Amino acid sequence: MYQQSVDKAGISAKKDLLIFILMILLFFLLGAIMLYLENTFSTNVPRYIFIGIILIGLYAFYRLRLIGYRYTVFYKPLEPVYDPRFDAMRPVESYPYPVGTVIFERIVSAKGTILLTLDVSEIISVDKFSVDNAANHGKSLNVRSSNKGDAYILVYSKNGVEGSVLFSPDEEFLEHLHEAIEYKPAEDDNAIDEESVSQDE
């Protein structure tokens, strides 16, 4: 298994600073409106509304900055280890997904949400992104990083519906993805010998 994490697309330090300045100006403007309304109507309701807007704005900014993406590919079975009970090499655990599974997740505050799960048999192509190969692929999922030059497009067909994923894999992820695509399972992959099981019982 190999995992790669990337930052949310399109957010840079300059944009962060600009958003922060705009938020400060907006808060000052809302504060002035709040004081005007309080003096005009002699009520504290605008103050509570102002506090609520500030909290919502801070929460929205917090979520924006902590969003990222994670790609996972299961490209080969786990290596067996020596088990002295049977004097043989045996698998000690298994993956939660079969070899050949590719998963795309959204990460918010270290919590992952699966956006798409694919089997490599559902993958049609993986190419460097360009305007020419981005069209006419049905539903598109954008999980790329802020560096547009690193973008790839993965085209798939799942349950008869074609779609695409715009993502930013590193060289190692691409290498393991191709390993998963070319992987041909052996009959005894992750299998436990029945005779050994009966002896264990």
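All chains use their own residue numbering, which begins from 1 and follows the written sequence. Local features in a predicted model are, by the rule used here, given only for residues with pLDDT of at least 70; side-chain atom pairs are given and counted only at 80 or more, and totals for whole chains, interfaces and linings are based on all residues. Think of the side-chain values as coming from all heavy atoms in the structure, minus any hydrogens and water.

**Q** I would appreciate a short explanation of the pattern of salt bridges in the present structure.
**A** Side chains that carry opposite charge are capable of pairing whenever their charged atoms lie near each other. Basic side-chain nitrogens of Lys or Arg form a salt bridge, by our definition, when they fall within 4 Å of a carboxyl oxygen of Asp or Glu. Inspection of the entire model under this criterion finds 3 salt bridges. Residue Arg47 is joined to Glu38 by a salt bridge in which the shortest nitrogen-to-oxygen separation is 3.0 Å. Only protein chains enter the accessibility calculation, which uses a 1.4 Å probe; a residue is then buried when its area is under 20% of its type maximum, exposed when over 50%, and partly exposed in between. On the basis of relative accessible area, Arg47 is assigned to the partly exposed category, the value being 39%. What makes Glu38 buried here is its relative accessible area of 10%. Measuring nitrogen to oxygen at the nearest pair gives 3.0 Å for the salt bridge that ties Glu105 to Arg70. Residue Glu105 is located in strand β5 (residues 101–108), and its partner Arg70 is located in strand β2 (residues 67–73); the two are separated by 35 residues in the primary sequence. Exposure remark for Glu105: the relative accessible area of 10% places this residue in the buried category. For Arg70, a relative accessible area of 22% puts it in the partly exposed group. Comment: elements are numbered from the N terminus, with helices defined as DSSP H or I runs of at least four residues and strands as E runs of at least two.

**Q** How should I be thinking about the nonpolar core in this particular structure?
**A** Burial of nonpolar side chains together is a common tendency in soluble globular proteins. Side-chain atoms within 4.5 Å are what join buried Ala, Val, Leu, Ile, Met, Phe, Trp, Tyr and Cys residues into a set we call a nonpolar core. Judged by nonpolar contacts, the single largest core of 23 residues is most densely connected at Phe104, Leu154 and Phe167. Residue assignment for this core shows that the elements contributing at least two residues are β1 (2–7), β2, β5, β6 (111–119), β7 (123–128), β9 (152–158), β10 (161–167) and α3 (171–182). Residue contributions to this core peak at 4 residues, all from α3. Sequence-distant contacts of Phe167, defined by excluding residues within four places in its chain, comprise Tyr71, Phe104, Val126, Val143, Arg144, Asp150, Ala151, Tyr152, Ile153, Leu154 and Phe173. Whether two residues touch is decided by their heavy atoms; if any such pair falls within 4.5 Å, the residues are in contact.

**Q** It is not clear to me how the sheet that holds strand β8 (residues 139–143) should be interpreted in this structure. Could you clarify?
**A** As a general point, the strands of a sheet are linked pairwise by backbone hydrogen bonds and lie either parallel or antiparallel. The 4 strands are arranged β7-β9-β10-β8 in an open sheet whose pairing can be described as mixed. Pairing within the sheet leaves two strands with one partner each, and these edge strands are β7 and β8. Each neighbouring strand pair of the sheet contributes to a mean axis angle of 15°, computed without reference to strand direction. When DSSP finds at least two bridges between two strands, those strands are taken to pair. The pairing of β7 with β9 spans 5 bridges and is antiparallel. Residue Ser125 lies in a different strand from β9, and its bridge partner there is Val155. Angles run from 0 to 180 degrees between N-to-C directions of axes, and those axes are lines fitted to C-alpha atoms, restricted for helices to the stretch in contact. Sheet strands in contact with α3 are β7, β9 and β10, and its direction is about 155° off that of β7.

**Q** Would you explain the side chain of Gln4 in this entry?
**A** Of note, Gln4 is situated in strand β1. A polar contact is formed between the side chain of Gln4 and the backbone nitrogen of Asp170, at a distance of 2.9 Å. With residues near it in sequence (within four places) discarded, Gln4 still touches Tyr69, Arg70, Tyr71, Ser168, Pro169, Asp170 and Phe173. Polar contacts here mean pairs of N or O atoms no more than 3.5 Å apart (in protein, one a potential hydrogen donor and the other a potential acceptor; neighbouring residues in sequence count only if both atoms are side-chain atoms).

**Q** I'm lost on the packing of aromatic side chains in this one. Help?
**A** What characterises a pair of aromatic rings is the spacing of the ring centres plus the angle enclosed by the ring planes. Stacked, tilted and edge-to-face are the three classes applied to pairs of Phe, Tyr and Trp rings, where Trp contributes its six-membered ring and a pair requires centres within 6.5 Å; stacked means planes under 30 degrees apart, edge-to-face means over 60, and tilted covers the rest. The full count for this structure, using the stated rule, is 8 aromatic pairs. Taken together, the aromatic side chains of Tyr2, Tyr71, Phe104, Phe167 and Phe173 make up a single cluster linked through ring pairs.

**Q** I tried to follow the sheet that holds β1 on my own but got confused; where do I start?
**A** Taken in spatial order, the 4 strands make up an open sheet running β1-β2-β5-β6, and their pairing is antiparallel. A single partner strand is all that each edge strand has here, and the edge strands are β1 and β6. Neighbour-to-neighbour, the strand axes of this sheet turn through a mean angle of 20°, independent of strand direction. As paired strands, β2 and β5 are joined by 7 bridges and run antiparallel to one another.

Note that every value here comes from positions in space, so none of it alone points to a role or purpose.
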